[in-house]
Amino acid sequence: MAKTALITGASSGIGREIARDLYGRGFRIILCARREERLRELAAELGENTRVIVCDVSDREECLRLYEETKSEKISVLVNCAGFGAVGSFEEVPLDTELRMIDTNITAVHMLTKLFLKDFVAADRGYIMNIASSAGLMYGGPMMATYYASKAYVVSLTSAICEELKSTNSRVHVCAVCPGPVDTEFNDVANCKFGVSSITPEFCAQKAIEGMFNKKCIIIPEKSIKALCTGAKFAPRSLVLKITGKVQKKKLED
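Residues numbered from 1 in each chain as written. Predicted model: local features only at pLDDT ≥ 70, side-chain atom pairs only at ≥ 80, totals over all residues. Heavy atoms only, no water.

(A) The arrangement of the packing of helix α3 (residues 60-70) against helix α4 (residues 95-123) in detail. Two elements in contact, α3 and α4, have axes separated by 10 Å at closest approach and are oriented at 25°. If you check the angle between α3 and α4, you find them roughly parallel. α3 and α4 meet at a crossing whose hand is right-handed. Taken together, the residues of α4 that come into contact with α3 (itself represented by Arg60, Cys63, Leu64, Leu66, Tyr67 and Thr70) are Thr107, Ala108, Met111, Leu112, Leu115, Phe116 and Asp119. A per-class count over the contact of α3 with α4 returns nine nonpolar, two polar and two charged. (Axes fitted to C-alpha atoms, helices over the stretch in contact; angles between N-to-C directions. Helix = DSSP H or I, 4+ residues; strand = E, 2+ residues; numbered from the N terminus. Parallel < 35°, antiparallel > 145°, perpendicular 65-115°, else oblique. Left-handed = near helix turned anticlockwise from the far one by under 90°. Contact = heavy atoms within 4.5 Å. Nonpolar A, V, L, I, M, F, W, Y, C, P; charged D, E, K, R; others polar.)

(B) Seen up close, the state of the cysteines. Counted by the stated rule, this structure contains zero disulfides. Cys32 supplies the cysteine sulfur nearest to Cys55, a cysteine that is in no disulfide, at a spacing of 4.3 Å. Lacking any disulfide linkage, Cys81 is separated from the closest cysteine sulfur, that of Cys204, by 8.0 Å. Judged by its relative accessible area of 12%, Cys81 is buried. (Disulfide = S-S within 2.5 Å. Buried < 20%, exposed > 50% of the residue type's maximum accessible area, 1.4 Å probe, protein only.)

(C) Representation of the pairing of strand β4 (residues 75-80) within the structure. With six of its six residues buried, β4 lies for the most part within the structure. In this sheet, β4 lies alongside strand β1 (residues 4-8) in parallel orientation, the contact comprising four bridges. Note on β4: the bridge partner recorded for Ala5 is Val77. Judged from the four bridges that link them, β4 and strand β5 (residues 127-131) form a sheet pairing that is parallel. Counted as the bridge partner of Asn80 is Asn130 from β5. In this fold, the crossover linking β4 to β5 by way of α4 has right-handed handedness. (Pairing = 2+ DSSP bridges. Right-handed = clockwise from strand over helix to strand, strands pointing away.)

(D) Just the sheet that holds strand β2 (residues 28-33), in detail. Strand order in the open sheet formed by seven strands is β3-β2-β1-β4-β5-β6-β7, and the pairing between neighbours is parallel. Looking along the sheet, the strands with just one partner apiece sit at the ends: β3 (50-54) and β7 (218-219). Sheet topology note: the strand β6 (residues 173-177)/β7 ladder contains two bridges and is parallel. Each residue of the ladder has a partner; that of Val177, found in β7, is Ile219. In the packing of helix α1 (residues 13-24) onto the sheet, contacts are made with β1, β2, β3, β4 and β5, and the angle to β1 comes to roughly 170°. The strands touched by α3 within the sheet are β1, β2, β3 and β4, with β3 carrying the most contacts at an inclination of about 155°.

(E) Representation of helix α7 (residues 201-213) in the model. With 13 residues, α7 should reach 18 Å at 1.5 Å per residue; the first-to-last C-alpha distance of 18 Å fits that figure. Within α7, burial applies to Pro201, Cys204, Ala205, Ala208, Ile209, Gly211 and Met212. The arc that holds every buried residue of α7, seen down its axis, measures 165°, which confines them to one face. In this structure, the buried side of α7 is in contact with α1, β4, β5, β6 and β7. Lys215 sits one or two positions beyond α7 and adopts a positive phi of about 60°. (Expected span 1.5 Å × (residues − 1). Arc of directions from axis to C-beta.)

(F) Summary view of the pattern of salt bridges. Going through the model one piece at a time under the given rule, you end up with 13 salt bridges. Glu17 is the salt-bridge partner of Arg20, the closest N and O atoms lying 2.5 Å from each other. Of this pair, Arg20 and Glu17 are both found in helix α1, three residues apart, which corresponds to roughly one turn of the helix. Taking the relative accessible area as the measure of exposure, Glu17 reaches 8% and is therefore buried. With its nearest N and O atoms 3.3 Å apart, the salt bridge here joins Arg171 to Asp124. Taken together, the residues Arg171 in the loop between α5 (145-167) and β6 and Asp124 in the loop between α4 and β5 connect sequence positions 47 residues apart. In the salt-bridge network here, residues are joined through shared partners; they are Arg28, Arg51, Glu62, Arg65, Glu69 and Glu73. (Salt bridge = Lys/Arg side-chain N within 4 Å of Asp/Glu carboxyl O.)

What follows is the structure in structure tokens.
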């Protein structure tokens, strides 16, 4: 029986490329996202051993439904990839947008990680990959305050769970992927343009999967971003926030 991977946010970007990569490794794939047509197209491309579940993980009831519909399928890899951002000052970004971002980027990741982790621990096997961002490794992000905060939550939560599992010698592994800019639909949703060069979703997916199976806890695909995040730890918080804010403003200006 083929190993099974469940991927949220699988209709585009990093999630879609992770699905392609894992399928190539012999996994049965369960594709989850809101856009059914795109999921069907990807399922047709991949071929056999794919299943489509249309689900909006920003809805807590939908997260519970997703778990209930798949918990008997012996999932061995869960990828929490659904997420989005918005650029603008905290006072200007609509509250509804921010609350939906929190529900997608934080609540859904928390719920699905918790629900599946219990099953994984009971079986003493499985991997959970949470797609975070290099934003989650920084002090904060002026002009993208809620997005940065949401990804910091994912990084913090995942790091703690990873250590808990290690302390019990569990064979279950969780990891957070923290890329810099990735050439996906993120910009269109956030209504901005990257101020620095981006990597391809294919490269990000490859590095993410390699890191996961090598049981790394925090996975940063690009060496340049890794160096940047390391250097930021030694700089004054006020300086890092000022520079980060200028980078975000440039996205709007461009």
